[in-house]
Amino acid sequence: MERLAIMGGSFDPIHMGHLRMAYAVQKQLVFDKVVFLPSYIPPHKQKRTDFASWEDRLAMVRLAVQAYEDFTVSTLEFDRGGVSYTYDTVNFMQELWPDAEIYLIIGEDSLTQLYTWHKVLDLLRMVHFVAAERPGYEGEAGVERLSKAYGPWVEEKIIHAEVPETAISSTEIRKRLKDGLPVRGMTPPAVEQYLYEHRLYQTTE
């Protein structure tokens, strides 16, 4: 059975933290593929006005993963259309890859909010979650909350993985570009070049 790890996100823009997380998870758990899945319309970010276009975010993700043999990019959420709820996306994935075992990579900080996700109980039954451990977050509290709500079987559906600490965020990159500050080393060089060539997130007069 093929084992696929899905790394979803707005990737606005993708940065070295995303790549280091995915690489660390892959080294520890050895999936057949790590699939980067850019959100088409992220449900929690619809009110932002500085959101890069789907085409730009997809292009940057493709540039970012080209150096990694086991990484690939899916346009599934764009093809499906509408707001990108994880539950709907996973259903679509299972139709496309009926024989695959699907794992969702999330940051450990997301574990404490997992109970708020759309149809999270169904999701827990359908997939495994790989929680990338981050300094300063207590993922076990999130697991305990889910276990109390749905039963101890939930604990078997969540795998913890150690990832290197990376103090980089998409928010910081956007702010630096808006302020005219460099972002070297925060994204792969090809993504950095794309950001400047397309003047993404920069203030235009």
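A quick note: this is a predicted structure, and the numbers were derived from the prediction, not measured.

Trainee: Tell me what's going on with the overall build of the protein, and back it up with residues and numbers.
Mentor: When helices and strands are tallied, the protein shows nine helices and six strands. A compact globule built from 205 residues would reach a C-alpha radius of gyration of about 17 Å, and the protein, at 17 Å, matches this within 12%. Its C-alpha atoms give the protein principal-axis dimensions of about 55 × 35 × 35 Å. Counting all 205 residues of the protein, 46% fall into the buried class. For the protein, restricting intrachain contacts to residue pairs at least 6 apart in sequence, the fraction spanning at least 24 positions comes to 74%. Carbon and sulfur atoms make up 48% of the accessible area of the protein, which totals about 10,700 Å². Between the mean site of the 22 positive side-chain charges and the mean site of the 30 negative ones, the protein shows a separation of 5 Å.

Trainee: Break down the packing of helix α2 (residues 54-65) against helix α9 (residues 189-197) for me, with residues and values.
Mentor: α9 packs onto α2 with a crossing angle of 155° between their chain directions and a minimal axis gap of 8 Å. Taken together, the axes of α2 and α9 lie roughly antiparallel to each other. The crossing of α2 and α9 is right-handed. Where α2 abuts α9, its residues Glu55, Asp56, Ala59, Met60, Leu63 and Ala64 lie against Ala190, Val191, Tyr194 and Leu195. The class makeup of the residues in the contact of α2 with α9 is eight nonpolar, no polar and two charged.

Trainee: I'd love a proper account of unusual backbone geometry, names of residues and values included.
Mentor: Cis rather than trans, the peptide bond between Asp12 and Pro13 has omega equal to 5°. Within the secondary structure, Pro13 is located in the loop between β1 (3-9) and α1 (16-29). Backbone geometry places Phe11, a non-glycine residue, at a positive phi of 50°. Counting through the fold element by element, Phe11 comes out in the loop between β1 and α1.

Trainee: Please set out the pairing of strand β2 (residues 33-38) residue by residue, giving values where relevant.
Mentor: Across the six residues that make up β2, a large majority, five, are buried. Sheet topology places β1 next to β2; six bridges connect them, and they run parallel. Looking at the pairing, Ile6 lines up with Val35 of β2. Following the chain from β1 across α1 to the adjacent parallel β2, one finds a crossover that is right-handed. Sheet topology note: the β2/strand β3 (residues 71-73) ladder contains three bridges and is parallel. Following the sheet pairing, Val34 is matched in β3 by Phe71.

Trainee: Tell me about helix α7 (residues 139-150), and please be specific about residues and values.
Mentor: Over its twelve residues, α7 extends 17 Å from the first C-alpha to the last, a length consistent with the 16 Å expected when each residue adds 1.5 Å. Residues of α7 that are buried make contact with α5 (108-111), α6 (120-126) and β6 (158-162). Immediately beyond the C-terminal end of α7, within one or two residues, lies Gly151, with a positive phi of roughly 120°.

Trainee: Which residues make up the pattern of salt bridges, and what are the values?
Mentor: This structure, assessed with the given rule, holds five salt bridges. Between Arg174 and Asp12 there is a salt bridge whose closest N-O contact spans 4.0 Å. Highlighted residues: Arg174 in helix α8 (residues 170-178) and Asp12 in the loop between β1 and α1, separated in sequence by 162 residues. You can call Asp12 buried: its relative accessible area is 0%. Across the pair Lys148 and Glu144 runs a salt bridge whose closest N-O atoms are separated by 3.5 Å. Placement of both Lys148 and Glu144 in helix α7 is noted, with a separation of four residues, approximately one turn of the helix. By relative accessible area, which is 67% here, Lys148 ends up exposed. A residue is classified by how much of its surface remains accessible, and Glu144, at 44% relative accessible area, is partly exposed.

Cut-off values and rules
Residues numbered from 1 in each chain as written. Predicted model: local features only at pLDDT ≥ 70, side-chain atom pairs only at ≥ 80, totals over all residues. Heavy atoms only, no water. Helix = DSSP H or I, 4+ residues; strand = E, 2+ residues; numbered from the N terminus. Rg over C-alpha atoms; globule rule 2.2 N^0.38 Å. Buried < 20%, exposed > 50% of the residue type's maximum accessible area, 1.4 Å probe, protein only. Contact = heavy atoms within 4.5 Å. Areas by Shrake-Rupley, 256 points an atom, 1.4 Å probe, with all protein chains shown as cover. Lys, Arg positive; Asp, Glu negative; His and termini not counted. Charge placed at Lys NZ, Arg CZ, Asp CG, Glu CD. Axes fitted to C-alpha atoms, helices over the stretch in contact; angles between N-to-C directions. Parallel < 35°, antiparallel > 145°, perpendicular 65-115°, else oblique. Left-handed = near helix turned anticlockwise from the far one by under 90°. Nonpolar A, V, L, I, M, F, W, Y, C, P; charged D, E, K, R; others polar. Pairing = 2+ DSSP bridges. Right-handed = clockwise from strand over helix to strand, strands pointing away. Expected span 1.5 Å × (residues − 1). Salt bridge = Lys/Arg side-chain N within 4 Å of Asp/Glu carboxyl O.

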